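Structure at a glance
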Amino acid sequence: MPNLDKFDIAILKYLQEDARATNVEIAEKVNLSPSPCLRRIRNLERSGIIRGYTADIDRKEVGLGLTVFVEFKVAHHSRENSEAQHKALLAIPEIVSCFLISGTADFLAEVVVEDLAAYDRLLTETLLTLPNVSDIRSNFAIRSIKTHGPLKLPEGR
């Protein structure tokens, strides 16, 4: 674990709750004065612990009503094939998260699209044309229970 103390952890927890909070609000919440609080936030950003700030958008409200978890099995394992697969998966905007996994599949991707017809197009025109893919299995989400939960952070020193 990086060298994070209780103030760093408190800042991270609060930012997970409200990334739009002002530095003054965060400083008050974590019992620091604004200047050291801002310094800590900047250090967390520079170190890569804070990767950025995004809006949590309701998928259905913007017309993206279908979430599909797609398992990919790759035919020929090599470093070059793996890099080609990574690059191809990163280039698909409908894939909102993707993992290299162990088990029966090699990759697990979370795909968000408008509807079944949109997924059918993505599957046939894009996913099935990916390099070295030997098998694809699609699992459709029936209902979202939790999509953007905060990380359970360890206690700081």
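These numbers come from a predicted model, not from an experiment.

**Observations concerning the packing of helix 1 (residues 6-17) against helix 3 (residues 34-46)**
Taken N-terminus to C-terminus, the directions of helix 1 and helix 3 make an angle of 75°; their axes are 10 Å apart at the nearest point. Our classification of the angle between helix 1 and helix 3 gives roughly perpendicular. Each of Phe-7, Asp-8, Ile-11 and Leu-12 in helix 1 lies in contact with helix 3, whose residues at this interface are Cys-37, Arg-40, Ile-41 and Leu-44. The residue inventory of the contact of helix 1 with helix 3, partitioned by class, reads six nonpolar, no polar and two charged.

**Some thoughts on the UniProt feature "domain: HTH asnC-type" (unreviewed entry) in the protein chain**
According to UniProt, the feature "domain: HTH asnC-type" (unreviewed entry) maps to residues 4-65 in the numbering used here. For the annotated span residues 4-65, helix accounts for 53% and strand for 0% of the residues, and the straight-line distance between the end C-alpha atoms is 39 Å.

**Observations regarding the environment of Ser-97**
Of note, Ser-97 is situated in strand 2 (residues 95-100). Distance from Ser-97 to Phe-69, taken between C-alpha atoms, is 9.6 Å for residues 28 residues apart in sequence. Dropping the residues within four chain positions of it, Ser-97 is found in contact with Leu-108, Ala-109 and Glu-110.

**Some remarks on the side chain of Glu-110**
Following the sequence through the fold, Glu-110 ends up in strand 3 (residues 107-113). Engagement of the side chain of Glu-110 in a polar contact is seen with the side chain of Arg-59, the distance being 3.0 Å. Those residues in contact with Glu-110, other than ones at most four positions away along the chain, are Arg-59, Thr-67, Val-68, Phe-69, Glu-94, Ile-95, Val-96 and Ser-97.

**Details of the packing of helix 2 (residues 23-30) against helix 3**
Where helix 2 meets helix 3, the axes come as close as 9 Å, and the angle between the chain directions of the two elements is 100°. By the angle class used here, helix 2 and helix 3 are roughly perpendicular. Residue-level contacts link Asn-23, Val-24, Ile-26, Ala-27 and Val-30 of helix 2 to Pro-34, Cys-37, Leu-38 and Ile-41 of helix 3. Residues belonging to the contact of helix 2 with helix 3 are distributed by class as follows: eight nonpolar, one polar and no charged.

The rules behind these values
Residues numbered from 1 in each chain as written. Predicted model: local features only at pLDDT ≥ 70, side-chain atom pairs only at ≥ 80, totals over all residues. Heavy atoms only, no water. Axes fitted to C-alpha atoms, helices over the stretch in contact; angles between N-to-C directions. Helix = DSSP H or I, 4+ residues; strand = E, 2+ residues; numbered from the N terminus. Parallel < 35°, antiparallel > 145°, perpendicular 65-115°, else oblique. Contact = heavy atoms within 4.5 Å. Nonpolar A, V, L, I, M, F, W, Y, C, P; charged D, E, K, R; others polar. UniProt positions renumbered as here; feature names shortened; annotations may be inferred. Polar contact = N/O pair within 3.5 Å; in protein donor to acceptor, adjacent residues only side chain to side chain.

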